[in-house]
Amino acid sequence: MQADGPRACRFGRRWYLNNESWHPSVPPFGEMKCILCWCVSGETHCQRQECPPAACTSPARRDNPCCAKCRGECHCSPKRPVVASAPSQLP
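Identification of the protein as CHRD protein from Probosciger aterrimus is taken from an unreviewed UniProt entry.

See the structure below:
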């Protein structure tokens with residue numbers, strides 16, 4: 001006998017719907033933010049987040065705990081320059 005619709009997936013004690021994705025929770029570590037799992041027709045697939053190699057000697061994990069980046073490397077939106085509003089005090 002075959003099911004009529006897409007099947008759900010079981011991971012640990014939880015069930016997930018077809019095409020649903022989640023970060024798995026694995027005791028004693030807790031939620032694994034660097035791993036993403038998803039359900040496809042009753043089968044669970046998981047993959048670790050891929051990170052580009054850091055091109056420095058001592059990378060740090062600041063904004064993204066999954067991927068190490070070089071210090072001083074900024075992936076943020078550009079900031080507007082600060083303009084001083086005080087008048088110049090020339091003699």
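Structure's up, so let's keep going.
Peer 1: Give a detailed account of the state of the cysteines, specifying residues and quantitative values.
Peer 2: Taken as a whole, this structure holds five disulfides when the rule is applied. A sulfur-sulfur separation of 1.9 Å characterises the disulfide bridge that pairs Cys37 with Cys46. For the disulfide bridge between Cys37 and Cys46, the dihedral angle about the S-S bond is near 105°, and by the sign convention the bridge is right-handed. Residue classification places Cys37 among the buried residues on the basis of a relative accessible area of 0%.

Peer 1: Please give an account of the packing of aromatic side chains that cites residues and values.
Peer 2: Evaluated as defined, the whole model comprises two aromatic pairs. Every member of this aromatic cluster is reached through a ring pair, and the members are Phe11, Tyr16 and Trp22.

Peer 1: Pulling in residues and values, what's your account of unusual backbone geometry?
Peer 2: The peptide bond linking Pro27 to Pro28 adopts the cis configuration, its omega dihedral lying at 0°. Inspection of the secondary structure puts Pro28 in the loop between β4 (25-26) and β5 (30-31). Positive phi is not limited to glycine here, since Ser41 has a value of about 50°.

Basis of the calculations
- Residues numbered from 1 in each chain as written.
- Predicted model: local features only at pLDDT ≥ 70, side-chain atom pairs only at ≥ 80, totals over all residues.
- Heavy atoms only, no water.
- Disulfide = S-S within 2.5 Å.
- Buried < 20%, exposed > 50% of the residue type's maximum accessible area, 1.4 Å probe, protein only.
- Phe/Tyr/Trp six-rings, centres within 6.5 Å; stacked < 30°, edge-to-face > 60°.
- Helix = DSSP H or I, 4+ residues; strand = E, 2+ residues; numbered from the N terminus.

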